[in-house]
Amino acid sequence: MDRAALRLILLGVFLLSASSQPVKKKQDVDIYSFYINSTVTSRYATTVITSRVANTVNESQEIQFEVKIPKNAFISKFRMTIEGKIYDGVVKEKQEAQQQYSRAVSRGESAGLIKSVGRTLEDFKTSVTVAAFSKVTFELTYEELLKRRLGKYELLINAQPMQPVADFKIDVHIQEKPGFSFLEVKGDLSTGDLANAIKTTRADKDAWVTFYPTQDQQTKCESCGESGLKGDLLITYDVERSSHKGEVMVSNGYFVHYFAPSDVSRIPKNVVFIIDRSGSMNGRKMHQTRLALLKILSDLDEDDHFGLITFDSEVKTWKNELLKATKENLETAKSFVKEIRDRGATDINAAVLAGVDMIHRHPREETASILILLTDGDPTSGETNKERIMANVREAIGPKFPLYCLGFGYDVNFDFLTKMSLENGGVARRIYEDSDADLQLQGFYDEVAVPLLTDVQLKYTGGTNLTKTSFSLYFNGSEIVVSGQITDNSVESFTSEVIAVSKGSNVTYQETVMVKDTSDVPPENEDFMPRLWAYLTVKQILERQVLLKGQEKEDEKKEALKLSLKYQFVTPLTSMVVTKPQGEEVEVADKPKEGGEEPRPPVPGLRYSHFSPSQPGQHGLQGHPGRPGASSKRRLTSGRRVMLKMLSIPAPTFAHPGIHDDSDLLISDYGQMLTIPRKSDEADADAVLPTMLSIPRVRSNRFLLPSAGQSKPLCFDVPVPQKLRLLQDSASEFSMNGQFMTRRQGFSKIAFHYKTKHRLTINTSSISYQDGQSHVEFLWDQEPTQHNTEGVSIILRSNEMDVTMGHIRVVILLHKKNGGVFLWPAVRQQPKDVSLMGILGKPEASYEEVQGSQTPTLKIMDQEVKASMEDVTDYTLPSTPVIRCWLVPFQAVMQGEISDFTVTRL
């Protein structure tokens, strides 16, 4: 069988764009399912893109998967499932992965490049050869903290499957503790007939947006055609801000503080615009700059003071001093702007120092000062040494006010502008050469137009490993976010304090929250806060790297690397190695570099496939019969199948010569793609490999039990098939029973009983609820629904049924894995100090590791038991993470036999 040739390119506002490429013959490759699932928990977004594709012809084909992700996001998971076998990516330190890369390059295998797509995206591509009539599932996960700009958060989803998809779904679930002040859905995909495919549901602290277009709808929207959907969904929202102290959340020894007060008056500002008018700014750049400045001047408030400086090899000021933004002064300034013309070289040093001097010579109390530099090139006149320019500017400004640098176009030295901005308390922003460049300039100014606080300092008693806590300015419509760890988890309260200056007077905000209050974070999302802290920490460390030197720089780099590896983030310090399938023949697929680089000459012993960049209208999911680029079609000599690895219990390894060979793919956030094959133990594996290996049955399901004071939970197996007592509280007349799937993981049916008249029955297709004489039916695929009666609350969400009966809350999750559908219960709330019966009756267990034993041994309930460290999939979470646990006998942890927990009827 041919090796599945894999290529991967990572290319990178919160924007999600997912696309799978079109096919030359639609019947050859079928994207039968395409899901985008985004969960936003307190501004932290985790997005999973899943594409399921079938090869529908009797020959192998190369199938591509391509998605676009935000530049600010970190990829945290990539997985391929081919004929039931899972190939997961593993994040490694870049140098370690690079060694694998170098070894493969020396053997002649190919590497790819990472390219940006437009302004805010990176492109992720991969392809794999799929056997005749076989299927592949691609799954990509990435994470990002949504940033508040101009009073709102934005989630932009761009969908371009490039083929109508029978099962196309976008599910967005947003959870915000303060509730929502507004939520809107706009974009190309919300117009015309497609508007009927969008459903928006809002509760107190939750919002759901679903987009389920039919195949017919996917071809009839304004931007659609035979290639299917092509457009955007833009979800914008903001949260209620009843407290000006901000929102402090605590969970699992971590905290996050969102601070965005609006109870203070705007601070009048002193703003100096420093505009590059060198020769390279000619034409449309200068025209758009003039348009933007005219609009910005119109938006100045009358108590603002402003100055205008233009520069090439000479520096010219509109006025030698800051002037108040009166109507007369603004009209005069606009006349000056209209006459700005490009000419000469670029003296950045003299221009910025002139702007600093202008502010220093006209100090005003109770104001905020800002410098904004717009340039499109390197310094070419006056002082041209960048290090000396940065030193001059740093010394002139001191810590008094920020410098914002706007780099116009791609020729600008953006690293230089970024470092100079960061050294002076500002940020750099690229302005893209496009028809809306003037709007980009105006948009940036709008973000800094209304300062509310200066010299903002945030303090946290009992907090450690804090992210950035000092900010020179806070602007209206933005948000300050600080996260950290809590030094003592036994404390009952946690206090935050913010000290800042508002119009010359000090203001203080203080907030105390109860550490033990678990209502901050839904249990299913408890891991989001450590990940948010790690994400923000790594981002800020990488940003500071340009400013640091010596040992301090190395120490921070090591810390960022440590967190990247722990949380499996693909960052500039790490790369991801992905295992892929491989047959006995070595084949390397080369994609020419942009610009038409000629293919490499053949390397002895290797057989190459070359494919060209997609033509217009053909970019996306492509099926290449046989060997891509070959004129003749080549069929598989045999149908090599791989064993399905069951997720509830790791299946035993069925060793067979030739079927354990894999190759690796290196994914770097901006570096190389790499295919690293490993040699087969057999020269002709197909000769001895049966056409199909049977899928092993699941003989038991594995349950997790959290452990007090221990990092690793316990786990135990329960054989199938069984009808089990899952949870029972006789005092409140509550019970929950479940029936295992036959020969497969999970439950086929779960039944609740409460009091005497409440009965809820859930199976994999529908839900039935009886309350005395009334009867309600739900379907899993219907829109989110809520049903409440006395003491009972039922909330149906996408693939979740949230059930509260009395003081007990359970979430039933509907999982779709490996072609199967099953249920799994997750207890989210139960009465304290009450002993419940059932498999799930124990909220946690305790154990000690016995030292000195030849085999791993744990002490549980004063008994020593043998244990082994195993992997288990946690089905109590929608993301189904794989974690490590101590596997122990059922009897040791449950203090009884399995027969004690079975029932005859549900």
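Above this text is the structure in question.
These numbers come from a predicted model, not from an experiment.

Student: Quick question: what am I supposed to make of the sheet that holds strand β19 (residues 254-259) here?
Tutor: Across the sheet, 4 strands lie side by side as β18-β19-β30-β28; this open sheet has antiparallel pairing. Among the strands making up the open sheet, the edge pair consists of β18 (247-251) and β28 (463-464). Where β18 meets β19, 5 bridges bridge the pair, whose relative direction is antiparallel. Within the sheet, the bridge partner assigned to Ser251 lies in β19 and is Tyr254. Sheet strands in contact with helix α8 (residues 528-544) are β18, β19 and β30 (480-486), and its direction is about 65 degrees off that of β19.

Student: Hey, could you run me through the environment of Met80 in this one?
Tutor: Its place among the elements puts Met80 in strand β6 (residues 74-82). Along the sequence, Met80 and Thr137 sit 57 residues apart, while their C-alpha atoms lie 5.6 Å from each other.

Student: Even after reading the chapter, I still don't get the packing of aromatic side chains, so can you show me in this structure?
Tutor: Any pair of aromatic rings gets described here by the distance separating the centres and the angle formed by the planes. What the rule picks out here adds up to 30 aromatic pairs. With a centroid separation of 5.9 Å and 75 degrees between ring planes, the pair formed by Tyr44 and Tyr535 is classed as edge-to-face. Residue Tyr44 is found in strand β4 (residues 44-55), and its partner Tyr535 is found in helix α8; the two are separated by 491 residues along the sequence. Ring centres of Phe259 and Tyr509 lie 5.3 Å apart, and the angle between their planes is 70 degrees; this geometry places the pair in the edge-to-face category. Residue Phe259 is found in strand β19, and its partner Tyr509 is found in strand β32 (residues 505-514); the two are separated by 250 residues along the sequence. Both residues of the pair, Phe259 and Tyr509, belong to the buried class. Here the basic side chain of Arg430 rests over the ring of Phe414, its NZ or CZ set 4.6 Å away from the ring centre.

Student: For this particular structure, what's the right way to read the state of the cysteines?
Tutor: Structurally, a disulfide amounts to a covalent bond that connects the sulfur atoms of two cysteines. One pass over the full model with this rule turns up 1 disulfide. Here Cys715 engages in a disulfide with Cys885; their sulfurs sit 2.2 Å apart. Linking Cys715 and Cys885, the disulfide has an S-S dihedral of approximately 70 degrees and is accordingly described as right-handed. Of the two residues, Cys715 sits in strand β40 (residues 714-719) while Cys885 sits in strand β56 (residues 882-887), which places them 170 residues apart along the sequence. Residue Cys715 shares its accessibility class with Cys885, and that shared class is buried.

Student: Help me understand α8 in this model?
Tutor: Because each turn of an α-helix spans 3.6 residues, side chains separated by three or four positions end up pointing in the same direction. The end-to-end C-alpha separation of α8 is 24 Å, in line with the 24 Å expected for 17 residues at 1.5 Å each. Of all 17 residues that make up α8, 13 are buried, and the element is covered over most of its length.

Student: Please explain the side chain of Arg79 as it appears in this structure.
Tutor: Note that Arg79 resides in strand β6. According to the relative accessible area criterion, Arg79 is buried, its value standing at 10%. Within the local environment of Arg79, its side chain forms a polar contact with the side chain of Asp88, the two groups lying 2.6 Å apart. When sequence neighbours within four positions are dropped, the list of residues in contact with Arg79 reads Ile86, Tyr87, Asp88, Thr137, Phe138, Glu139 and Val882.

Student: Explain the pattern of salt bridges to me, please; I cannot follow it from the model alone.
Tutor: For side chains bearing opposite charge, pairing can occur when the charged atoms are close. Applying the stated rule across the entire model yields 37 salt bridges. When the shortest N-O distance is used, the salt bridge between Arg277 and Asp312 registers 2.7 Å. One end of the pair, Arg277, is in the loop between β20 (269-276) and α2 (284-299); the other, Asp312, is in the loop between β21 (305-311) and β22 (315-317), with 35 residues separating them in the sequence. Summarising the burial analysis for this pair, Arg277 and Asp312 share the class buried.

About the thresholds
Residues numbered from 1 in each chain as written. Predicted model: local features only at pLDDT ≥ 70, side-chain atom pairs only at ≥ 80, totals over all residues. Heavy atoms only, no water. Pairing = 2+ DSSP bridges. Helix = DSSP H or I, 4+ residues; strand = E, 2+ residues; numbered from the N terminus. Contact = heavy atoms within 4.5 Å. Axes fitted to C-alpha atoms, helices over the stretch in contact; angles between N-to-C directions. Phe/Tyr/Trp six-rings, centres within 6.5 Å; stacked < 30°, edge-to-face > 60°. Buried < 20%, exposed > 50% of the residue type's maximum accessible area, 1.4 Å probe, protein only. Lys NZ or Arg CZ within 6 Å of the ring centre and 35° of its normal. Disulfide = S-S within 2.5 Å. Expected span 1.5 Å × (residues − 1). Polar contact = N/O pair within 3.5 Å; in protein donor to acceptor, adjacent residues only side chain to side chain. Salt bridge = Lys/Arg side-chain N within 4 Å of Asp/Glu carboxyl O.

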